[in-house]
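Residue-level listing of the chains:
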Amino acid sequence: KGGLSSKTVSDIRSVLLLGLEYARQQQYPCPAKSKIFSPKSSTPSKRILTRAEQSKLENYLFQHPEPAELGVLTALYSGLRIGEVCALQWGDIKRAEGTVQITKTMIRIQNVEQRNEDGKKTRILISHPKTESSNRFVPLPTFIEEFLEEHRRETDTFLITGTNCPMEPRVYLNKYKKILKKAGLEPFTFHSLRHTFATRCVETGFDTKSLSEILGHAN
């Protein structure tokens, strides 16, 4: 109860095991790997939008095509992660191919050596995705691609701000919550859009391997 999440503990364990393996190679006495157990974890139930909820959300998004709303609509029909949506620029949406090219994501990282000039311990970074499989082209349904095209802006403009200045995931998440409220929907995580996209694809008989690649899964 309380403390670190099982995911965080698992990550720490992985780094620790690598360090111990190196120490063994250097002839240091080290405990066996079997003595360092993996944390117990349970997979939480995934929230999927019902078709009625999805329709309600879509109606609102189509009627209010502001930058933040366009980001939600794009995520709902592409399965992008929130960091990928925040880093998305209009130049990444390929009108000729009808695809979205994912080559970057936005994350908040710690300043290990020193604080920012404004005194903060973290900073926003737009970087390459953490895995090679996350670099990908995601196809868009024709009606979504055409709708986005109606509202296209300059190549270097960020999709969810409509300007050359990005918006970090934490701020965008607050905007997203307000969008749900305006649409008359109960709160659900941004990641639920990704699960909903994947579920709708499976329901229509989409090829599992292709879907995995579209989602940017490692396997």
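The next point concerns the overall build of the protein chain. On a plain count of helices and strands, the protein chain comes out with eight helices and five strands. Secondary structure elements of the protein chain occur, N-terminal to C-terminal, as α-α-α-α-β-β-β-β-β-α-α-α-α. For the C-alpha atoms alone, the extent of the protein chain along its principal axes is close to 65 × 45 × 35 Å. A separation threshold of at least 6 residues defines the contact pool for the protein chain, and within that pool the share at least 24 residues apart is 62%. Roughly 13700 Å² of accessible area belongs to the protein chain as shown, and the carbon and sulfur atoms make up 54% of that amount.

Given two aromatic rings, one states the distance between the centres and the angle between the planes to describe the pair. Tallying each qualifying case throughout the model produces six aromatic pairs. With centroids separated by 6.4 Å and ring planes inclined at 45 degrees, the aromatic side chains of Phe62 and Phe143 adopt a geometry described as tilted. Here the residue Phe62 occupies a position in helix α2 (residues 51-63), and Phe143 occupies one in helix α5 (residues 142-150), the gap between them amounting to 81 residues.

Bringing the pairing of strand β2 (residues 99-102) into the picture now. Sheet analysis places strand β1 (residues 93-94) next to β2, joined by two bridges and oriented antiparallel. Residue pairing for β2: Lys94 is matched across the bridge by Thr99. Where β1 hands over to β2, the hairpin turn is made up of four residues, of which Gly98 adopts a positive phi near 70 degrees. Sheet topology places β2 next to strand β5 (residues 136-139); four bridges connect them, and they run antiparallel. Residue pairing in the sheet places Thr99 in a bridge with Pro139 of β5.

What the three strands build is an open sheet, ordered β1-β2-β5; its pairing is antiparallel. Only two strands of the sheet have a single neighbouring strand rather than two, namely β1 and β5.

This brings us to helix α1 (residues 6-25). In a regular helix each residue adds 1.5 Å, so 20 residues correspond to 28 Å; α1 covers 29 Å between its end C-alpha atoms and thus fits that length. Among the residues of α1, those classed as buried are Leu17, Leu20 and Ala23. Each buried residue of α1 sits inside an arc of 120 degrees when the element is viewed along its axis, so together they form one side. Seen from the open side of α1, the exposed residues pointing more than 90 degrees away from its buried face are Lys7, Val15, Leu18, Tyr22 and Gln25. Taken from the residues just after α1, Gln27 is the one with a positive phi, measuring 75 degrees.

As enumerated under the stated definition, the model contains 13 salt bridges in all. Between Arg152 and Glu149 there is a salt bridge, with its nearest N and O atoms 3.1 Å apart. With relative accessibility at 27%, the residue Glu149 sits in the partly exposed group. Overlapping salt bridges, with partners in common, bring together Arg51, Arg200 and Glu203 in one network.

There is a patch of nonpolar side chains on the surface, built from Leu4, Val9 and Ile12 and spanning about 260 Å² of accessible area. Tracing the backbone shows Leu4 in the segment before α1. On the accessibility criterion, Leu4 (57% relative accessible area) is exposed.

As for its position among the elements, Glu154 is in the loop between α5 and α6 (169-182). We classify Glu154 as exposed; its relative accessible area is 53%.

Now for the nonpolar core. Core analysis: the largest hydrophobic core is formed by 44 residues, its most contacted members being Leu57, Val72, Ile93, Tyr172, Phe188, Phe190 and Leu193. Those elements giving two or more residues to this core turn out to be α2, α3 (67-76), α4 (82-86), β2, α5, α6, α7 (191-203) and α8 (208-215). Ranked by residue count, the leading element in this core is α3, at six residues. For Val72, the contacting residues outside a window of four places in its chain are Leu57, Leu61, Tyr172, Tyr176, Ile179, Phe190 and Leu193.

Calculation rules
Residues numbered from 1 in each chain as written. Predicted model: local features only at pLDDT ≥ 70, side-chain atom pairs only at ≥ 80, totals over all residues. Heavy atoms only, no water. Helix = DSSP H or I, 4+ residues; strand = E, 2+ residues; numbered from the N terminus. Contact = heavy atoms within 4.5 Å. Areas by Shrake-Rupley, 256 points an atom, 1.4 Å probe, with all protein chains shown as cover. Phe/Tyr/Trp six-rings, centres within 6.5 Å; stacked < 30°, edge-to-face > 60°. Pairing = 2+ DSSP bridges. Expected span 1.5 Å × (residues − 1). Buried < 20%, exposed > 50% of the residue type's maximum accessible area, 1.4 Å probe, protein only. Arc of directions from axis to C-beta. Salt bridge = Lys/Arg side-chain N within 4 Å of Asp/Glu carboxyl O. Patch = residues over 30% accessible without salt bridge, like charges linked within 9 Å, V, L, I, M, F, W, Y side chains within 5 Å. Core = buried A, V, L, I, M, F, W, Y, C linked by side-chain atoms within 4.5 Å.

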